[in-house]
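What follows is each chain in one-letter form.
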Amino acid sequence: MRRTLKMSLRAPDSIPLIYRSHQLRRPPVVIICDISGSMDQYSRMFLHFMHSVTNDRDRVHCFVFGTRLTNVSRHLKNKDIDVALENASQSVKDWSGGPRIGFCLRQINNYWSRRVLAQGAVCILVTDGLDRDQTDGLEKEMERLKRARSSSKPLSAVAKGAAKSQNEMVGF
């Protein structure tokens, strides 16, 4: 509007309409990371990855899970990596616990999916696929997650070709 009025002052006989170009917004990113005992040696590295993505882009949501799901997005927004990781680790009550992937994905689907998986979000699931509870309906929750998001990228040792008996990420 401002540029249209400015151009109309320069050429009072005609008013050229100046339109803004559409700004392409990058889709939101949702990172769900396993911090159970089996992923303990990789947890700090993936938290560094989550911190760098959070500070590089807007609309990034980070979750970690062991036996329960914890949202660590606010903690990772701190620019100082040591402070961010310290705050994130203090907010997580079940570090190195047994993984409950199906239960935590159900929590994402029930409580967070409409907020964080909307607008074409890209979902990154970081896990080794080992699940303590075999009856949690992991495949059903993966299908729900697949329908709720735009695209999902598994970062999983299991997704690279291990046996399906180890809860391979079939839905991706």
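Everything quoted here is computed from the prediction, not taken from an experiment. (Residues numbered from 1 in each chain as written. Predicted model: local features only at pLDDT ≥ 70, side-chain atom pairs only at ≥ 80, totals over all residues. Heavy atoms only, no water.)

## Side note on the overall build of the chain
From N to C terminus, the chain includes 6 helices and 5 strands. Its helices and strands taken in sequence order, the chain reads α-β-α-β-β-α-α-α-β-α-β from the N to the C terminus. Per-residue burial for the chain yields a buried fraction of 41% across its 172 residues. Expressed as a percentage of contacts within the chain between residues at least 6 apart in sequence, the contacts between residues at least 24 apart total 72%. In the structure as shown, the chain presents an accessible area of about 10,400 Å², 51% of it carried by carbon and sulfur atoms. (Helix = DSSP H or I, 4+ residues; strand = E, 2+ residues; numbered from the N terminus. Buried < 20%, exposed > 50% of the residue type's maximum accessible area, 1.4 Å probe, protein only. Contact = heavy atoms within 4.5 Å. Areas by Shrake-Rupley, 256 points an atom, 1.4 Å probe, with all protein chains shown as cover.)

## Overview of the state of the cysteines
A covalent bond between the sulfur atoms of two cysteines is referred to as a disulfide. Under the counting rule described, the total for this entry stands at 0 disulfides. Cysteine Cys-62 remains unbridged, with the sulfur of Cys-33 as its closest cysteine sulfur at 9.1 Å. (Disulfide = S-S within 2.5 Å.)

## Points about the packing of helix H2 (residues 40-56) against helix H4 (residues 81-91)
Interaxial distance between H2 and H4 falls to 11 Å at its minimum, and their mutual angle equals 115°. Once H2 is placed against H4, the crossing between them reads as right-handed. Seen from H2, the contacting residues are Arg-44, Leu-47, His-48 and His-51; seen from H4, they are Ile-81, Asp-82, Ala-84 and Leu-85. Of the residues contributing to the contact of H2 with H4, the split by class is 4 nonpolar, 2 polar and 2 charged. (Axes fitted to C-alpha atoms, helices over the stretch in contact; angles between N-to-C directions. Left-handed = near helix turned anticlockwise from the far one by under 90°. Nonpolar A, V, L, I, M, F, W, Y, C, P; charged D, E, K, R; others polar.)

## What to know about the confidence of the model for the chain
Averaged over every residue, the pLDDT of the chain is 79; residues scoring 70 or more account for 84%. Between the elements of the chain, mean pLDDT differs from a low of 56, seen in strand E5 (residues 151-156), to a high of 93, seen in strand E2 (residues 60-65). In this model residues 157-172 is a low-confidence stretch, pLDDT under 50, and it forms 29 contacts with partners more than four residues away in sequence or in other chains. (pLDDT = per-residue confidence, 0-100.)

## Considerations on the packing of helix H5 (residues 101-116) against helix H6 (residues 138-148)
Between H5 and H6, the least distance of the axes is 8 Å, while the angle of their chain directions is 30°. Between H5 and H6 lies a crossing of left-handed hand. Residue-level contacts link Ile-101, Gly-102, Leu-105, Arg-106, Ile-108, Asn-109, Asn-110 and Ser-113 of H5 to Leu-138, Glu-141, Met-142, Arg-144, Leu-145 and Ala-148 of H6. The class makeup of the residues in the contact of H5 with H6 is 7 nonpolar, 4 polar and 3 charged.

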